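# Survey of secondary and tertiary structure
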Amino acid sequence: MFDRDRWIEILEALTANTFRTVLTAFGVFWGIFILVILLAAGKGLENGVKKGFDGIATNTMFMWSQTTSKPYKGLPKTRQYNFKNNDVIALKENFPDLLYVSPRNQLGGHNGASNAIRGTKTGSYTIFGDYPELVKQEQMEIVNGRFVNQQDILLKRKVAIIGRGVISELYDRTEDVIGTYIKVNGVNFMVVGVYNSKSRNNGDAESAQKNIFIPFSTFQQAFNYGDTVGWMALTANDNASITELKPQILEFIKSRHSIHPEDDRAIGNFDLYQEFSKVQGLFMILKFIAYFVGTLVLLSGVIGISNIMLIVVKERTKEIGIRRALGATPAAIRSQILLEAIFLTIIAGMFGIAMATGVVAVINMVLDSMPSEGMMFADPSVDLTVVFIALFILVGSGLLAGYIPAQTAINIKPVDALRTE
């Protein structure tokens, strides 16, 4: 392995026909290049999609009341019902694996009638009644002031947290909004915070900045909702799965509202964790496809090297015969051929990795110069694990490419080899 003369001989053998060597090595170069590019592209797509989940507690489900579809306990089907405050308390008490149980209510919308006034300016916004933990479940960050706190809930304070879209329509550019008042559906609220939505979806990003958040208890009192809960956001602890808890939660709510146990339409739900898991599974499949396709392309290059090495062995039959006659062992002949194949494979493969890494770097530079909002492709990269896997594949490929020619070489009888012209 560390014999200087042997390496000089390997280089002489490979450079004897440079053009043939380069063409042969190109197959391995192209295979490993494609493999790395495919893996980087898959990672870029994965990063882009996962950025869409930034700021969201993915181990979350949303639940809302719908119309019953089956009669039960003397109650008719198509019955309307609502969640109540007691449902929230009961869920917290009976499901210790739930980290957050956030009741929510909602009014209006940015496409509806004007429902917020400040001075002479008006606007249409979505009004949410929420609990403090919502900020840990939604794609938002507080950029000025604060969010709803527990004292706001207990004291039913008339405070509001508004988005940048609300500020741009109701305030002058230089105004400080904290401490000012806005009128929502005829009720005055003091602005105590400003949020910024982290949503990357172009369709939702603009509307997500045009929301007004107020304490849940204040919402119920100010807008005559009584103890009605519009819907809930439920987040499980890290050591629990909301998907596994969901059947028990739905069964529990059905029993509290006299809903038929088999009525699957009475409670609407959206399991974010289940959808996120599907996305994770998709990227695992994409990674497998990348390895599969890249390995097949690489294998074609390896077959090319193996064929060329067979030709080289045939061309060097007399040389091999002389070596055997001078006392070279079959192991020495085999190692010589294997080293030539591995050396050519690794050199071509490493050049392919270097080129692919350069292409990925250029793509990253281009992406950095583009706006990231709505981009479903971000930070394509290849980690060290992929590089080590590629090196392992290269070494294995070199051994595979050299094995048959090496076996052919040692099977040549010295007498026959010396007779070859």
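In the annotation of an unreviewed UniProt entry, the entry for the chain reads Putative ABC transport system permease protein, and the organism field reads Flavobacterium degerlachei. As recorded by UniProt, the Subcellular location (unreviewed entry) comment attached to the chain reads in full: "Cell membrane". Recorded in UniProt for the chain, the comment headed Sequence similarities (unreviewed entry) runs: "Belongs to the ABC-4 integral membrane protein family."

When helices and strands are counted, the chain shows 13 helices and 14 strands. Residue burial in the chain is summarised as follows: out of 421 residues, 44% are buried. Taking all contacts inside the chain whose residues are at least 6 apart in sequence as the whole, residues at least 24 apart take part in 78%. With the model as given, the accessible surface of the chain reaches about 21700 Å², and the carbon-plus-sulfur share is 59%.

Right, let's get into helix α2 (residues 18-51). Here α2 spans 48 Å end to end across 34 residues, near enough to the 50 Å set by a 1.5 Å rise per residue. Along α2, the sharpest change in direction is near 25° and occurs at F26.

The subject of this paragraph is unusual backbone geometry. Although it is not a glycine, N185 adopts a positive phi angle of roughly 50°. Tracing the backbone shows N185 in the loop between β9 (181-184) and β10 (187-197). Classification of N185 as partly exposed rests on a relative accessible area of 42%. Unusually for a residue other than glycine, N224 sits at a positive phi of about 55°. N224 gets classed as exposed once you look at its relative accessible area, which sits at 69%.

Successive side chains on a regular strand alternate, one facing one side of the sheet and the next facing the other. Within strand β8 (residues 159-163), five of the five residues are buried, leaving the element largely enclosed by the surrounding structure. Covered by surrounding structure in β8 are V159, I161 and G163 together with A160 and I162, the residues of both alternating faces. Sheet topology places β8 next to β10; five bridges connect them, and they run parallel. Looking across to β10, one finds that I161 is bridged to G193.

What follows deals with the side chain of K210. Mapping K210 onto the fold places it in the loop between α6 (202-208) and β11 (211-215). Looking at K210, the relative accessible area reads 15%, which means it is buried.

Between its first and last C-alpha atoms helix α8 (residues 242-256) spans 20 Å; for 15 residues at 1.5 Å apiece the expected length is 21 Å, and the two agree. All buried positions along α8 are accounted for by I242, L245, K246, I249, L250, F252, I253 and K254. Its side-chain oxygen 3.2 Å from the backbone nitrogen of T243, S241 forms the N-cap of α8. Taken from the residues just after α8, S258 is the one with a positive phi, measuring 50°.

Most of β11 sits out of view: five of its five residues are buried. Bridge count for strand β6 (residues 126-130) against β11 is five bridges, and the pairing is parallel. Along β11, the bridge assignment pairs F128 with F213. As judged from the two bridges shared by β8 and β11, these two strands associate in the antiparallel manner. Residue pairing for β11: I162 is matched across the bridge by I212.

So, on to the nonpolar core. Counting 37 residues, the largest nonpolar core has M63, L91, M232, L234, I249 and I267 as its most contacted members. If you tally residues by element for this core, the top one is α8, at six residues.

Next up on the list: the packing of α2 against helix α11 (residues 330-368). Remark: α2 packs on α11, axes separated minimally by 7 Å, with the N-to-C direction vectors making an angle of 40°. In this view, α2 runs oblique relative to α11, as classed from their interaxial angle. Every pair of crossing elements has a handedness; the one defined by α2 and α11 is right-handed. Across the interface between the two elements, T21, T24, A25, V28, F29, I32, F33, V36, I37 and A40 from α2 touch L344, T345, A348, G349, F351, G352, I353, M355, A356, V359 and V360 from α11. Here the contact of α2 with α11 is built from residues that sort into 16 nonpolar, five polar and no charged.

On to the environment of T228, then. Relative to the elements of secondary structure, T228 occurs in strand β12 (residues 228-229). Through-space distance from the C-alpha of T228 to that of P103 is 9.5 Å; in sequence the pair is 125 residues apart. Ignoring anything within four residues of it in the chain, the contact list for T228 reads N82, F83, K84, N105, F216 and Q220.

It is worth spelling out the environment of T126 at this point. Along the chain, T126 falls in strand β6. Counting along the chain gives 83 residues from T126 to Q209, while the straight-line C-alpha distance between them is 9.9 Å.

Conventions adopted
- Numbering of residues starts from 1 in every chain and runs along the sequence as written.
- This being a predicted model, a pLDDT of at least 70 is required before a residue's local features are given, and a value of 80 or more before pairs of side-chain atoms are given or counted; all residues contribute to the totals for chains, interfaces and linings.
- Side-chain measures here rest on the full set of heavy atoms in the structure, leaving out hydrogens and waters.
- UniProt positions are given in the numbering used here, feature names are shortened, and annotations may be inferred rather than shown by experiment.
- Runs of H or I in DSSP of at least four residues are treated as helices and runs of E of at least two as strands, each being numbered from the N terminus.
- For each residue, the accessible area found with a 1.4 Å probe, counting protein chains only, is set against the maximum for its type, and the residue is called buried under 20%, exposed over 50%, and partly exposed in between.
- Between two residues, a contact is recorded if the distance between any of their heavy atoms is within 4.5 Å.
- Only the protein chains shown count as cover for residues, and the accessible areas themselves come from Shrake-Rupley with a 1.4 Å probe.
- Multiplying one less than the number of residues by 1.5 Å gives the expected span of a helix.
- The quantity called bend is, for any residue, the angle between two axes fitted respectively to the seven residues ending at it and the seven beginning at it.
- Each pair of strands is called paired provided DSSP finds at least two bridges between the two strands.
- Here a polar contact is recorded for every N or O atom pair within 3.5 Å, except that within protein the pair must consist of a potential hydrogen donor and a potential acceptor, and residues adjacent in sequence are included only if both atoms are side-chain atoms.
- Put simply, buried Ala, Val, Leu, Ile, Met, Phe, Trp, Tyr and Cys residues joined by side-chain atoms within 4.5 Å make one nonpolar core.
- Lines fitted to C-alpha atoms define the axes here, with helix axes fitted over just the stretch in contact, and angles between the N-to-C directions of these axes take values from 0 to 180 degrees.
- An angle below 35 degrees is read as roughly parallel, one above 145 as roughly antiparallel, one from 65 to 115 as roughly perpendicular, and any other as oblique.
- By the definition used in this description, the sense in which the near helix is turned from the far one sets the handedness, with an anticlockwise turn below a right angle giving left-handed and a clockwise turn giving right-handed.
- Residue polarity follows a fixed list, in which Ala, Val, Leu, Ile, Met, Phe, Trp, Tyr, Cys and Pro are nonpolar, Asp, Glu, Lys and Arg are charged, and the others, Gly among them, are polar.

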